[in-house]
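# Close look at the chain arrangement
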Amino acid sequence: MKKDKVIIFDTTLRDGEQCPGASMTPAQKLEVAHQLKRLNVDVIEAGFAVSSPGDFESVQQVAKTITGPVIASLARAVPKDIDAAGQALKPAKRRRIHTFVATSEIHMKYKLKKAEDEIIRLAVAGVKQARKYTDDVEFSPEDAARTRPEFLYKVLEAVIDAGAGTVNIPDTVGWAVPEQFGALIRGIRENVPNIDKAVISVHCHNDLGLSTANSLAAVLSGARQVECTINGIGERAGNASLEEVVMGLKVRQDLFGVETGVKTPEIYRTSRLVSKLTGFLVQPNKAIVGGNAFAHESGIHQHGVLMHKNTYEIMKPEEVGFGESKLVLGKHSGRHAFLQRLKELGFTLDAKQIEETFQRFKVLADKKKEVFDDDLAALAEDQLSEIPQRYQLVYLHVPSGTGVIPTATVKIIGPDGKEVQGTATGDGPVDAAYKAIDKLTGFSGRLTDYVIQSVTSGKDALGEVAVKVERKGRIEHGRAASTDIIEASARAYLSAVNRLLHEPARPRTKQNNP
Ligand code: KIV
Ligand code: ZN
C-alpha cells in the first residue's frame, strides 16, 4: 500500500534566518536554496518579502532560479505584505503565499488590539487577496497552540472557504507538549467541517526542547506538512529541526507509516552549509548532524557495533551523508574539471570569483595531495560575500613560539586601493594579527566568538575559522578557510569587520499589527 506523504516545508531562509546573528546575504541564501533543492524539500520559504529590500530580493532571486520545490514568501494578512510577496514570487514556476494573523487571546488583546470577528475578517481578506497571485495559499493562525480551540476551528473553516489549501498550526512560543499538541490536531480534524479540503501543517518552536516531538505527535494525528529548519535554527530556541523530523519519520516508519521526499544523504552537507553561512556551529551531541552523532566511545558500545552495527546504531551514517566528503581533485586537475565540480556543488560564481577560487585551489592542491568536495566548497564560499570588501588581506607574517612575544606584520589594501602595513604584538598570534588589523582599519569592536575546525581530516586539512564581532550592539560573523589557521583567522576577522563597516543591520518590519 502506498504510504502517505508528509510535505517538508523548509523555513531556514525565513524563520531560521530570523534568529539574531544568523542573517545571510541574498547570494548566501541562494546557495542554501540550491542545496535545499538537492535535498529535495517540497517547499522553500525563501523569506518575508515585505520585511526589507534584502528579503524581497532574496525571495525574488530564489523564485527566479530554483525550480522544483514550491517557493513561498511569508506575509502578514495585510494588503501591502501580500502584494510584496506576490510581486517577489512572480518569477517562480510554483509559488505559495503564506499569510498569517495571530488568533490567541493574548496576541489579539495586547498585540493586535482586535476582536475575534475582526481577526476572521482580516484572515479571510488576506487569503482572498493572496489567491489573486496564486492558487497555492497557506494560512497560519499565529500562536495557534494557545488559541481557544473553538475560535481556532472557526478561523480555519473560514480561511479554507476563502481558498487556503494549507492550514498551518504554529506553536509560536514553544508552549505545547506532544500529547496535547497531537490532540489539538485531532480536534481540528474532527471539528472543522471542510478540513478535508486542506492540508494540515504544523510549525513548532523549541522553547521547551519539544519541537521535534510535537511535530511528530502532530503527524501521528494526521498533519501532513511539517515546517522545519536545518539544524533547528530559528527565533529564540529555534524551530523543529528538519533532519530530526525527517529521520524520525524514516527510522520509525513502523510507527508513522508515512514517507517524505527528502534525499537524506544530502542532510549532512546541508547542515554544514547552513552552519558555515550563518556562523552557527552545530553542537557535537546534536541529533543526526552533530560531530558525535555516530561516534561510539565506550568499549562496550564499540564492541557491540563491531559485532553488529544495529546493536547501537539505529541509522547508518551514510543514510544522512555523514562523514562523506568525496575525493574530487588533485594538483593535476585542470580548470575544466574544477569548474564542472563547482557547478555540480551548486556554486554560481562570476569570472573574477572563479579565477580567485581556482588560484587558491591550485595553491591548496600543491600543499594537500587530495582536494575534497568540502575543501572546494570552503574555498568557493570564501568568495560569496556580496559585502564590498573594503579591506582585504595582502600579507601576513606572525612569528610565534614559546618564549617569543607574538608580533604580527599585516598588510592590507584599503577602500582607496592603497596598501598599508602595520605591526602589533598580542597574547598569541591571532590576537596580534587582530590588533594589527584594528590599527590599520581604525576599527574598534569586540570579538565575541572564535571557533576553529578542520574542513576535512588529516594534518594538511584546511582549517576553517568562524568569528563573531560586535560593534555598537550589532553582531556580524566572518568565516574563512586556509591551511594556515592564522591566515584563516585574519581573513575571517576582516570579513566580519567589512560587514560591520558596510551597512546598518537590515531593518525589518516588525511582525505585528496587521
Ligand atoms: O512561529 C510562528 O508562528 C511563525 C508564523 C509566522 C508561521 O513563524
Ligand atoms: Zn515561527
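See the structure printed just above.
Definitions and cut-offs
- Residues numbered from 1 in each chain as written.
- Chains lettered and ligands numbered in written order.
- Predicted model: local features only at pLDDT ≥ 70, side-chain atom pairs only at ≥ 80, totals over all residues.
- Heavy atoms only, no water.
- Phe/Tyr/Trp six-rings, centres within 6.5 Å; stacked < 30°, edge-to-face > 60°.
- Helix = DSSP H or I, 4+ residues; strand = E, 2+ residues; numbered from the N terminus.
- Buried < 20%, exposed > 50% of the residue type's maximum accessible area, 1.4 Å probe, protein only.
- Pairing = 2+ DSSP bridges.
- Axes fitted to C-alpha atoms, helices over the stretch in contact; angles between N-to-C directions.
- Contact = heavy atoms within 4.5 Å.
- Donors = N, O, S within 2.8 Å, 3.2 Å for Na, K, Ca; no water.

## Describing the packing of aromatic side chains
One pass over the structure, following the stated rule, counts seven aromatic pairs. Seen in terms of ring centroids, F294 and F322 are 5.0 Å apart; in terms of plane orientation they differ by 55°. Their pairing is tilted. With F294 in the loop between helix 11 (267-278) and helix 12 (299-307) and F322 in the loop between helix 12 and strand 11 (327-329), this pair connects stretches of sequence that are 28 residues apart. Each member of the pair, F294 together with F322, is buried. Here the aromatic cluster, defined as three or more aromatic residues joined through ring pairs, consists of Y268, F294 and F322.

## A closer look at the sheet that holds strand 15 (residues 419-425)
Sheets are built from strands paired through backbone hydrogen bonds, the pairs being either parallel or antiparallel. Taken in spatial order, the three strands make up an open sheet running 13-14-15, and their pairing is antiparallel. Looking at strand neighbours, the two that pair on one side only are strand 13 (392-397) and strand 15, the edges of this open sheet. Ignoring which end each strand starts from, the neighbouring axes of this sheet average 20° apart. This element, helix 16 (residues 429-441), spans strand 13, strand 14 (407-413) and strand 15 of the sheet and lies at about 135° to strand 15. Strands strand 13 and strand 14 of the sheet are contacted by helix 17 (residues 485-502), whose axis makes an angle of about 150° with strand 13.

## Let's talk about the coordination of the zinc ion (ligand 2)
The protein atoms donating to the zinc ion (ligand 2) are D15 (OD), H203 (NE2) and H205 (NE2), with metal-donor distances spanning 2.0 to 2.1 Å. All donor residues of the zinc ion (ligand 2) come from one chain, and their arrangement in sequence is D-x187-H-x1-H. In this pair, D15 sits in the loop between strand 2 (7-10) and helix 1 (26-39) while H203 sits in strand 8 (residues 199-204), placing the two residues 188 residues apart along the sequence.

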